[in-house]
Amino acid sequence: MKYLYLVWSNLKRRKMRTILTLLSIMVAFLLFGYLGAIRQAFSQGVDVAGVDRLIVRHKVSIIQLLNESYEPRIERLPGVANATHQTWFGGIYQEPRNFFAQIVVNQDEFLDFYPEYIVSDEHKEAWLATRTGALVGSGLLKRFGWEVGDRIPINATAWRRKDGAPTWEFDLVAVYEGAEQGTDTSQFFFRYDYFEESRAGGSGLVGWYVVRVEDPDNAAEVAAAIDNEFANSPAETKSEPEGAFVQGFANQIGNIGLIMTAIISAVFFTILLVAGNTMAYAVRERTNELAVLKAIGFTDRGVLGLVLGESLVLAGIGGVLGMVLAWLLISMGDPTGGSFPTFYMPADSVFLAVLLIFGMAFVAGILPALQAQRLQIADALRR
Amino acid sequence: MADEQVAGAQSDAPDILVRVKAVDKVFKRGSEEVHVLGGLDLEIPRGEFLALMGPSGSGKSTLLNLIGGLDRPTEGQVEVGGQRIDKLSNRKLASWRARHVGLVFQFYNLMPVLTAQKNVELPLLLTPLSRSERKTHAVNALDIVGLANRNKHYPRQLSGGEQQRVGIARAIATDPTLLLCDEPTGDLDRKAGDEILDLLQALNREQGKTIIMVTHDIHAAARATRTLYLNKGQLTSEPIE
């Protein structure tokens, strides 16, 4: 620590150059942090997907429906603990840009499958007692400023009502919180019995099944057994772990992780050149001073450490500022106005940022540091 | 190996601080070899103020660098305080310099980004002293050179003479055995130069510092207790014609 003021004083030598380099590094880490949150938002659900849950859907496409009668057949298979069905509703609340997921669920089974959704007993009872009741995530509630007791109208797109009315009305009776930071609290669940009795067509058909397996280690075998059960039927199935199912959804947009990595790599490579250039100049312009330090007793390694220390302080300050700024921007909320169910800086981004700070400091500083280490005192003092 | 166990440690007479034996120094300039010092012998008693004179390129600064452990001889031995410093590893030599040598340069070589006090504290960073002890030592050293009231000033805020005083304060801050001065008045006017020489003389007389000073200036050399002349890699006690 006693050398810190020396490192700091050297960085203040060319204030403008140091500030510009710091800003470059800060912007790189700002992008890294912010894009990390976006990547997380796209892969939302993958990390928190239940390891004991399988999704069984129509083999052709998720939009093809399955028969309600599949549930008892699935539950009879070895390794299956229980199963429940869900259906995508896909309605519009006020206008299309207010997109959020509306899913029809079996209210008697649903919450048993999703322990990550925390619902108070009072709200649970209210939902079970209200046929038109909706269970809404706290994030969605906040987004639209809804309150329990509100009546939420949703215009149907695919599912028309028997009575011909374009709008389905729901009573907001229950709210769920997420058990983890990554839990999606932007969803809107409502009851299958209300849906079944009110829809104009498709009676007895559901979107997909959520299957809980007895032993997650046997999930692959259970999935194969389910698909085998319905092989050669009019509606063959495709079963996969919930995580893979969610990832498949995210991948419909593209390989977001790869795109992000490519952007970040290009940015960091450029910034590395900037920081390396700064360090090289910083050492070259004070060859004489480094020689004096050695002359008064600093060892070769000591001088190497000082230069690497400067590089680390530069990368550290820039990196921390960038990540803090990214965190502040992320804290301001989802930039899409609600398309991202969750939007936060994942812990692995922070861990990676720390590694990047050390990596950048080392790569940018090592060559000038070695140059300083190898400096011959008598030669350098003559320059 | 402990410093004291370096070969030749027991051979010193007590009053001889520096012993240079049959030292050659050859520099390579591309394929050409330049013989700067050839078979040079020198003994410097403890407490002496020695002036080294000679024409440019005669090897004065090279000899000073060898005695100060800033460079190594091509052949021969350099002993300081009974220690064969030419045999020390780079790390041990650096540590030895920190403890035993104070260096004063012609162009002061202060760190422009540090205040006078922080410049003086630089060699003290290599000691186990605490922050407050380092500060006390630095302020004392600045007081000795008459600049205690300028400790917060940066080199650019000081005159050449004052900067050289800070350089001397830095050199004596660790209370070294040997003070090596390479043309300490070479960049100063006569008045400032005289003040620096007064200071060096006082350090020699009052604090018993052994000083080796390279100079071109005969007036500066006159302040020393002995003057040696270096020409074509050889020492003489007579001025070169």
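You'll find the structure just up there.
Rules behind the numbers
- Residues numbered from 1 in each chain as written.
- Chains lettered and ligands numbered in written order.
- Predicted model: local features only at pLDDT ≥ 70, side-chain atom pairs only at ≥ 80, totals over all residues.
- Heavy atoms only, no water.
- Patch = residues over 30% accessible without salt bridge, like charges linked within 9 Å, V, L, I, M, F, W, Y side chains within 5 Å.
- Areas by Shrake-Rupley, 256 points an atom, 1.4 Å probe, with all protein chains shown as cover.
- Salt bridge = Lys/Arg side-chain N within 4 Å of Asp/Glu carboxyl O.
- Lys, Arg positive; Asp, Glu negative; His and termini not counted.
- Charge placed at Lys NZ, Arg CZ, Asp CG, Glu CD.
- Buried < 20%, exposed > 50% of the residue type's maximum accessible area, 1.4 Å probe, protein only.
- Contact = heavy atoms within 4.5 Å.
- Buried area = accessible area lost by both parts, 1.4 Å probe.
- Polar contact = N/O pair within 3.5 Å; in protein donor to acceptor, adjacent residues only side chain to side chain.
- Helix = DSSP H or I, 4+ residues; strand = E, 2+ residues; numbered from the N terminus.
- Arc of directions from axis to C-beta.

Caption draft 1: Looking closely at a negative patch on the surface. A surface patch of negative charge is lined by A:E214, A:D215, A:D217 and A:E221. On the basis of relative accessibility, which here comes to 31%, the residue A:D215 falls in the partly exposed class.

Caption draft 2: How the structure looks around the interface of chain B and chain A. Residue-level contacts link 26 residues of chain B with 22 residues of chain A. Summing both partners gives a buried area of about 2,100 Å² for chain B against chain A, and 65% of it is carried by carbon and sulfur. For the chain B face of the interface with chain A, the top three residues by lost area are B:M111, B:V113 and B:L125, together amounting to 25%. Across the chain B-chain A interface, the total number found is 0 salt bridges. Linking chain B with chain A are 5 residue pairs in polar contact (both at pLDDT 80 or more).

Caption draft 3: Summary view of helix α8 (residues 219–229) of chain A. All names here are of chain A. Where α8 is concerned, the buried positions are A219, V222, A223 and I226. Angular distribution of buried residues about the axis of α8 spans 100°; they occupy a single face of the element. Among the exposed residues of α8, those pointing more than 90 degrees away from its buried face are A220 and N228.

Caption draft 4: Layout of the pattern of salt bridges. Evaluated as defined, the whole model comprises 31 salt bridges over all chains. A:E169 is the partner of A:R151 in a salt bridge, and the nearest nitrogen-oxygen pair spans 2.8 Å. With a gap of 18 residues between them, A:R151 in strand β7 (residues 151–155) and A:E169 in strand β8 (residues 167–178) connect regions that are remote in the sequence. Taking the relative accessible area as the measure of exposure, A:R151 reaches 46% and is therefore partly exposed. One salt bridge connects B:D175 with B:K209, and the closest N-O pair in it is separated by 2.3 Å. With B:D175 in the loop between α5 (160–172) and β7 (178–182) and B:K209 in the loop between α6 (190–207) and β8 (210–214), this residue pair connects regions lying 34 residues apart in the sequence. On the basis of relative accessible area, B:K209 is assigned to the buried category, the value being 5%. Residues joined in a network through salt bridges with shared partners are A:R131, A:R191, A:D193 and A:E197.

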